[in-house]
Amino acid sequence: QLVESGGGLVQPGGSLSLSCAASGRTLSSYVMGWFRQGPGKEREFVAAIKWSGGSTYSADSVKGRFTISRDNAKNTVYLQVNSLKPEDTAVYYCAARGTRVAVTADKYPYWGQGTQVTVSS
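About the criteria used
Residues numbered from 1 in each chain as written. Predicted model: local features only at pLDDT ≥ 70, side-chain atom pairs only at ≥ 80, totals over all residues. Heavy atoms only, no water. Pairing = 2+ DSSP bridges. Helix = DSSP H or I, 4+ residues; strand = E, 2+ residues; numbered from the N terminus. Axes fitted to C-alpha atoms, helices over the stretch in contact; angles between N-to-C directions. Buried < 20%, exposed > 50% of the residue type's maximum accessible area, 1.4 Å probe, protein only. Lys, Arg positive; Asp, Glu negative; His and termini not counted. Salt bridge = Lys/Arg side-chain N within 4 Å of Asp/Glu carboxyl O. Polar contact = N/O pair within 3.5 Å; in protein donor to acceptor, adjacent residues only side chain to side chain. Contact = heavy atoms within 4.5 Å. Core = buried A, V, L, I, M, F, W, Y, C linked by side-chain atoms within 4.5 Å. Phe/Tyr/Trp six-rings, centres within 6.5 Å; stacked < 30°, edge-to-face > 60°. Lys NZ or Arg CZ within 6 Å of the ring centre and 35° of its normal.

Asker: Hey, could you run me through the sheet that holds strand β3 (residues 16-22) in this one?
Answerer: By definition, the strands of a sheet pair up through backbone hydrogen bonds, in either a parallel or an antiparallel sense. Pairing is antiparallel across the open sheet formed by four strands, whose spatial order is β1-β3-β8-β7. Both outer strands of the open sheet, β1 (2-5) and β7 (66-71), are each paired with one neighbouring strand and no more. Between one strand axis and the next, the sheet turns by 15 degrees as a mean value, whatever way the strands run.

Right under this line is the structure:
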């Protein structure tokens, strides 16, 4: 089970720290991804991390602003989102899959329920 938290309403230029806590199994052999889905848009890849080794991957649209990380002891993956823009408004989902990184949502079989991020003044 994946449970996201940390979303909210923030002004442009603000920051949030999103969390995704996993229960039921350890994540040592998984790839964890963050996706987002804005109003009227398809779900899009944001970032991913290989639990083993910690290699990270980010979409060009968020590079330099968003950072994915993990905490082995807490079985939790994080997405630090900085310099937020109105176009970052979306429901943010975490997802898990096997050992290979993928950037399309259909490759991830396990999903959380999502957390809403709204960027507005």
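Asker: How do you make sense of the side chain of R97 when you look at a structure like this?
Answerer: Following the sequence through the fold, R97 ends up in strand β9 (residues 90-97). One buried charged residue, R97, forms no salt bridge at all, with the nearest opposite charge on D106 at 8.0 Å. Engagement of the side chain of R97 in a polar contact is seen with the backbone oxygen of R100, the distance being 2.2 Å. Leave out the neighbours within four places in its chain, and R97 touches Y30, V31, A102, K107, Y108 and P109.

Asker: How should I be thinking about the nonpolar core in this particular structure?
Answerer: In a soluble, globular protein the nonpolar side chains are often hidden away together inside. The biggest cluster of nonpolar side chains holds 34 residues, and the ones touching the most others in it are M32, W34, V46, F66, V77, L79 and Y92. Looking at this core, the elements that each hand over two or more residues are β3, β4 (31-37), β5 (44-50), β7, β8 (76-81), β9 and β11 (115-119).

Asker: Can you help me understand the packing of aromatic side chains in this one?
Answerer: To describe a pair of aromatic rings, you give the distance between the ring centres and the angle between the ring planes. Inspection of every chain in the model, using the stated rule, returns seven aromatic pairs. Ring centres 5.1 Å apart and planes at 75 degrees place the aromatic pair F35 and Y108 in the edge-to-face group. Taken together, the positions of F35 in strand β4 and Y108 in the loop between β9 and β10 (110-111) put the pair 73 residues apart, joining distant regions of the chain. Like F35, the residue Y108 is buried in the burial classification. With centroids separated by 6.3 Å and ring planes inclined at 65 degrees, the aromatic side chains of Y108 and W111 adopt a geometry described as edge-to-face. Residue Y108 is classed as buried on the basis of its relative accessible area of 3%. Aromatic rings pair up to connect F35, F45, Y93, Y108 and W111 into one cluster. One cation-aromatic arrangement involves R97 over Y108; the distance from NZ or CZ to the ring centre is 5.8 Å.

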